[in-house]
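Here's the letter readout for the chains.
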Amino acid sequence: MQKTVSPARHVSGSIRLPGDKSISHRYGMLASLAEGESTLENYSTGQDCHSTLGCFSAMGIPVHKDGTTIRVSGQGLDGLRAPTQDLDAGNSGSTIRMISGILAAQPFTSRIGGDESLSKRPMGRIMKPLAKMGARVTARDAQYPPLEITGGPLQPIDFTLPVASAQVKSCVLFGGLYASGVTTVREGIRTRDHSEIALRQFGAEISIKPGVVALTGRPTLAAQKLTIPGDLSSAAFFLVAALLADDADLVLQGVGLNPTRAALLDFLVSLGAPIKVLDLNHNGGEPIGDLRVTKGRMQGGLLEGAMTAALIDEIPVLAVLGAARGGLEVRDASELRVKETDRIATLAENFARMGVEIEVRPDGFRVEGGQRFRPATLDSFHDHRIAMAFAIAALAADGDCQIDRAEAASVSFPEFYQFLGEITR
Ligand code: S3P
């Protein structure tokens, strides 16, 4: 699908965003392993989270969908059945990496793969700890999906993350659910802690200290009724749209504000963004609030180290903000090269088409601020966050832009273009 996006200088309104992708995956997985029926409200509408549910349906878990309310009839830790076909993770790195920890403990062999993009994403990072736990996992060229996982009894391990990755941490912890004893995961750079919070919520015994998580294996997980907060990573696109506008007053309702994700807000506020949290609640151990953003005078910024890791999904749209406003330098971001696309390369290609200059480095980039965005035909390269970041860039262009393969946005946010139309003029 080619989408035309026209310039828009005014951003206003009040919207409620679909459920957080990261939390939806985890709730879908843990609800499947819990005993009894869980109700998950505001479950992500993104294809990725439905790939997760599809994998559990294929292993005999009854899943009922009623709009964005999902009912999952968990069958307990030992209730999964051998799938009769390969499991399909679609485009979703979170699905394949996190579910592999669960598959590694099953008394059956399974195969799991996905689309062309997923088939190029590195899996060695989960294969190594799962091998240490005693599972047999093979991959194409010892690294890429599809994976063949021969499950069996797992040993608890004490594992230090080699890359700052919440998916890898979650894979080991989900395997640790089945290991008798305590599985420990250590991280030098803090990553999102939704798995730890969700495990505790579903009844697992888990100790959470800065940099060290320890989970006791073989818990009985209990079904839950939970509401998933709005996705802050989806909110990022609209926050940036507001910050690029000539005038803006936008309210985003019920957004997840977990501190491991809300570093985005700290960063934007540090650059001068007038963002206010209007109302703060909790559900399932996750903080939720309404955000109000108005037009701001934005300075340039630098992302490195732990901040780069915390904002890794938001970097494409932050690059758009930086190029139009005060500039942005990003360091320590080699992980961007192994996302749904090589996001440094796809960002640079679309910027080049718009006449925006970017200095590309192996593990980051630098953009000068105050650049003009020329109308252009852009491409998502089948990457949801590239599609959405450049739809926001198109708002600030001098004329209409076309985005090829714009439907990629559906991977995390099918309603994106509709919402964009509602809040811009
Ligand atoms: C995610 C973790 C991050 C992030 C991805 C979602 C998660 O990936 O980029 O979109 O839900 O745990 P890594 O764990 O590979 O950093």
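Criteria and thresholds
- Residues numbered from 1 in each chain as written.
- Predicted model: local features only at pLDDT ≥ 70, side-chain atom pairs only at ≥ 80, totals over all residues.
- Heavy atoms only, no water.
- Helix = DSSP H or I, 4+ residues; strand = E, 2+ residues; numbered from the N terminus.
- Buried < 20%, exposed > 50% of the residue type's maximum accessible area, 1.4 Å probe, protein only.
- Contact = heavy atoms within 4.5 Å.
- Areas by Shrake-Rupley, 256 points an atom, 1.4 Å probe, with all protein chains shown as cover.
- Axes fitted to C-alpha atoms, helices over the stretch in contact; angles between N-to-C directions.
- Parallel < 35°, antiparallel > 145°, perpendicular 65-115°, else oblique.
- Left-handed = near helix turned anticlockwise from the far one by under 90°.
- Nonpolar A, V, L, I, M, F, W, Y, C, P; charged D, E, K, R; others polar.
- Domains from an automatic or database assignment.
- Buried area = accessible area lost by both parts, 1.4 Å probe.
- pLDDT = per-residue confidence, 0-100.
- Near = heavy atom within 4 Å.
- Polar contact = N/O pair within 3.5 Å; in protein donor to acceptor, adjacent residues only side chain to side chain.

Caption draft 1: Examining the overall build of the chain more closely. The secondary structure content of the chain amounts to 13 helices and 23 strands. Counting only C-alpha atoms, the chain reaches 60 × 45 × 40 Å along its principal axes. Out of the 425 residues belonging to the chain, those deemed buried represent 61%. Counting contacts in the chain only where the partners sit at least 6 residues apart, residues at least 24 apart contribute 76% of the total. For the chain, the computed accessible surface area is about 15,200 Å², with 47% contributed by carbon and sulfur atoms.

Caption draft 2: Region of interest: the packing of helix 1 (residues 21-33) against helix 3 (residues 93-103). It is at 11 Å that the axes of helix 1 and helix 3 come closest, and there the two elements cross at 25°. Taken together, helix 1 and helix 3 sit at an angle that is classed as roughly parallel. Relative to helix 3, helix 1 is oriented so that their crossing is right-handed. Judged by residue contacts, Lys21, His25, Arg26, Met29 and Leu33 of helix 1 engage Ser94, Thr95, Met98, Ile99 and Ile102 from helix 3. Tallied by class, the residues present in the contact of helix 1 with helix 3 amount to five nonpolar, three polar and two charged.

Caption draft 3: View of the domain arrangement of the chain. In terms of domains, the chain is made up of domain 1 (3-18 + 230-423) and domain 2 (21-227). With 27 residues of domain 1 at the interface, the matching set in domain 2 holds 27 residues. The contact between domain 1 and domain 2 buries some 2,300 Å² in all, and 46% of this surface belongs to carbon and sulfur atoms. Area buried by domain 1 at its contact with domain 2 is led by Thr260, Glu340 and Val411, which between them contribute 22% of it.

Caption draft 4: Broad picture of the confidence of the model for the chain. Counting all residues, the mean pLDDT for the chain is 98, and 100% of those residues have values of 70 or more. Per-element averaging of pLDDT across the chain places strand 16 (residues 275-283) at the bottom with 94 and helix 1 at the top with 99.

Caption draft 5: Summary view of the site of the ligand. As a structural note, the neighbourhood of the ligand is formed by 14 residues, with Ser22, Arg26, Ser165, Asp313 and Lys339 the closest of them. Ser165 places a polar side-chain atom, nitrogen or oxygen, 2.7 Å from an oxygen atom of the ligand. Between an oxygen atom of the ligand and a main-chain N or O atom of Ala166, the distance comes to 3.0 Å. For the ligand, whose unbound accessible area comes to 390 Å², protein coverage reaches 95%. At the level of elements, helix 1, helix 3 and helix 5 (166-176) are the ones that each hand at least two residues to the shell around the ligand. Ranked by residues supplied to the shell around the ligand, first place goes to helix 1 with three residues. Shared between two domains, the shell around the ligand takes at least three residues from each, and those domains are domain 1 (3-18 + 230-423) and domain 2 (21-227).

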